[in-house]
Amino acid sequence: MFSSQIDFPYRGCYGQVNATAGFFKQLMAKLHLITYGCQMNEYDSERVAGLLAAERYELTQDEDDADLILVNTCAIREKAEDKVFSKLGELRKLKERKPELIIGVMGCMAQLQQGAIQRRAPAVDLVFGSPAIARVAELVERVRRERRPVLETGEGPLVKITARPPSAPRLRAFVTVMEGCEKHCTFCVVPRTRGRERSHPPETVLAEVRRLAAVGCREVTLLGQTVNAYGRDLTPSTDLAALLERVNDVAGIERIRFTTSNPYNLTPRLIRALREVPKVCEYFHLPLQSGSNPVLERMNRGYTRERYLELVGEIRHAEPAMAFSTDLIVGFPGETEADFEQTLDMVERVGYDNVFAFRYSRRPGTPAAAMEDQVADEVKARRNARLLEVAGRVAAARSHGLLGKTLDVLVDGTSRKNAGELSGRTRCNRVVNFDGQGRVSVGDLTRVRVTEVLPHSLRGTLAAHAEEAPCLSR
Ligand code: SAH
Ligand code: F3S
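This is a predicted model, so every value here is computed, not measured.

Engineer: Can you walk me through the pattern of salt bridges in this structure?
Structural biologist: Opposite charge on two side chains allows them to pair when their charged atoms are near. The final tally for this structure, using the stated rule, is 42 salt bridges. Between Glu138 and Arg135 there is a salt bridge, with the nearest N and O atoms lying 3.4 Å from each other. Here Glu138 falls in the partly exposed class, since its relative accessible area comes to 43%. The partner of Glu341 in a salt bridge is Arg386, and the shortest N-O contact between them spans 3.2 Å. With a gap of 45 residues between them, Glu341 in helix H14 (residues 337–350) and Arg386 in helix H15 (residues 377–400) connect regions that are remote in the sequence. Given the relative accessible area of 34%, Glu341 is considered partly exposed. On the basis of relative accessibility, which here comes to 33%, the residue Arg386 falls in the partly exposed class. Three or more residues are tied together by salt bridges with common partners; here these are Glu46, Arg47, Lys160, Arg170 and Glu208.

Right under this line is the structure:
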């Protein structure tokens, strides 16, 4: 697969390529990718692997074996950055043993910290931000040729990169539909690291979804930092509801998810689409951040707790089976015990299936970093633990509500604990393990009756014979 691609850039140097194994071995190079952070980073890493595959780089899981190591970074919290610097410290030792190794840092931290990365981690040869991803091959080549550090963190045009590394077809895939964010929540670095809000045209997104469907993908997750603001910057303008309808028409795709939505941009059209577009799953990630109105205001979130509850009510009215997840920050500057209690109260009221809890982290250049009344670490830790306890109880109650229900499951592998069992996900994003009885296999959609609720998964039994389940006829 690689040989047909790698001869291209070298044709000029070598004339007719004679494909002996030794020759190709010499040309091949190994790329090791380390990805931190969100789904968008996972998506970007895959694009980079795809672009470099076309240039002769083959992926390796073993960093000792690599000629090029790229670290795709996250800057959302200080802890995420600390992790990257400690990894770069380890890689420096590897480079001492293997001086020809090229180390690159990409993604949000590259964009935020720029030259500071190479000052603190001199083993790093290349630093580039998200806008430069499309030019990764050229940047790596420049480091190789010039043997000096390269820094590329300027603005760049919006490019839809669809390259993927050669790999087994996957049942689920991410598709970035928009880049950047212009919300300016006072705690968040994303507007600085990912730039302005820019949507990819629907035709480009659809072409990518069709390509994925053609190689066996059955579920897509549309990605954007504020995905429900999709399309308003395009000419003619469009919206997420219209995009969902069009993705719904792609044959082969059975499930559509999207993340992340901002309550501020939630429209009646989108709420209607949740009910009317059949492939859109009953799982909604709707970050609340705080349950206290004064805190929400200082965060510049643009909604109140009452408005948020109203939206949840409207969504549940449109789609009663909807499961919600959320992001919550504890210890935002000035957060009092009473503010925090309001957050706990919202967890109970909404009844989240899943809560992602974060301790507030002071990020350089953000307004909240300069606010008075920063909350002590011990207080954040205590509130975080309490929040997780309440969220766990609420989620367990939601899980018990699924007992005895028969749910659609997309089978995506074998159970982690028992290789004799299959595993899959419900439309509401729960993991279910069950005995496939030799009648269903990976890639099938089937129906499973939930017989047991465990802390992190469900167990069930097949609800229908394979031949009775119409959704199995692929
Ligand atoms: N638009 C994206 C935001 C990505 S950041 C989304 O809504 O998913 C993901 C989450 O990280 C945010 O929702 C927020 O809860 C958390 N976060 C962002 N900045 C933070 C900070 N400075 N400290 C702690 N958590 C933060
Ligand atoms: Fe960050 Fe708020 Fe945008 S959390 S990504 S600034 S919606």
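Having seen it, we continue.
Engineer: Just to check I follow, could you spell out the nonpolar core for this structure?
Structural biologist: The nonpolar side chains of soluble globular proteins are, as a tendency, buried together. By size, the foremost hydrophobic cluster in this structure holds 69 residues, and its most contacted members are Val220, Leu222 and Phe258. Ranked by size, the runner-up nonpolar core spans 26 residues in total, among them Tyr36, Leu88, Leu94 and Val127.

Engineer: Could you clarify how one ought to interpret the pairing of strand E15 (residues 406–414) in this entry?
Structural biologist: In regular strands, side chains alternate between the two faces of the sheet. Looking at chain direction, E15 and strand E18 (residues 445–453) are connected through five bridges and run antiparallel. Each bridged residue has a counterpart across the sheet, and for Thr406 the counterpart in E18 is Arg449. Relative to strand E16 (residues 422–426), E15 runs antiparallel, the two being bridged by five bridges. Across the sheet, residue Leu410 finds its bridge partner in E16, namely Arg425.

Engineer: Hey, could you run me through the packing of helix H10 (residues 240–248) against helix H11 (residues 268–276) in this one?
Structural biologist: Relative orientation and spacing of two packed helices are given, respectively, by the angle between their axes and the distance between those axes. For the pair H10 and H11, the least separation of the axes is 8 Å and the interaxial angle reads 25 degrees. Considering their axes alone, H10 and H11 lie roughly parallel with respect to each other. Facing Leu240, Ala241, Ala242 and Leu244 of H10, the residues of H11 in contact are Arg269, Leu270 and Ala273. Within the contact of H10 with H11, the residues separate by chemical class into six nonpolar, no polar and one charged.

Engineer: Would you take a moment to explain the side chain of Glu46 for this structure?
Structural biologist: Positionally, Glu46 belongs in helix H3 (residues 39–53). Note on Glu46: relative accessible area 16%, which makes it buried.

Engineer: What is the right way to read the site of ligand 1 from this model?
Structural biologist: With respect to spatial proximity, 14 residues lie near ligand 1, and among them Phe187, Gln225, Gln289, Asp327 and Ser361 are the closest. Here Arg77 contributes a side-chain N or O atom positioned 3.1 Å from an oxygen atom of ligand 1. Protein contacts shield 88% of the accessible area of ligand 1, which totals 530 Å² for the unbound molecule. Mapped onto the shell around ligand 1, the elements with two or more residues apiece are strand E13 (323–330) and strand E14 (354–359). Of the residues assigned to the shell around ligand 1, the class counts are six nonpolar, four polar and four charged.

Parameters at a glance
Residues numbered from 1 in each chain as written. Chains lettered and ligands numbered in written order. Predicted model: local features only at pLDDT ≥ 70, side-chain atom pairs only at ≥ 80, totals over all residues. Heavy atoms only, no water. Salt bridge = Lys/Arg side-chain N within 4 Å of Asp/Glu carboxyl O. Buried < 20%, exposed > 50% of the residue type's maximum accessible area, 1.4 Å probe, protein only. Helix = DSSP H or I, 4+ residues; strand = E, 2+ residues; numbered from the N terminus. Core = buried A, V, L, I, M, F, W, Y, C linked by side-chain atoms within 4.5 Å. Pairing = 2+ DSSP bridges. Axes fitted to C-alpha atoms, helices over the stretch in contact; angles between N-to-C directions. Parallel < 35°, antiparallel > 145°, perpendicular 65-115°, else oblique. Contact = heavy atoms within 4.5 Å. Nonpolar A, V, L, I, M, F, W, Y, C, P; charged D, E, K, R; others polar. Near = heavy atom within 4 Å. Polar contact = N/O pair within 3.5 Å; in protein donor to acceptor, adjacent residues only side chain to side chain. Areas by Shrake-Rupley, 256 points an atom, 1.4 Å probe, with all protein chains shown as cover.

Function cannot be inferred from these measures alone, as they are strictly geometric.
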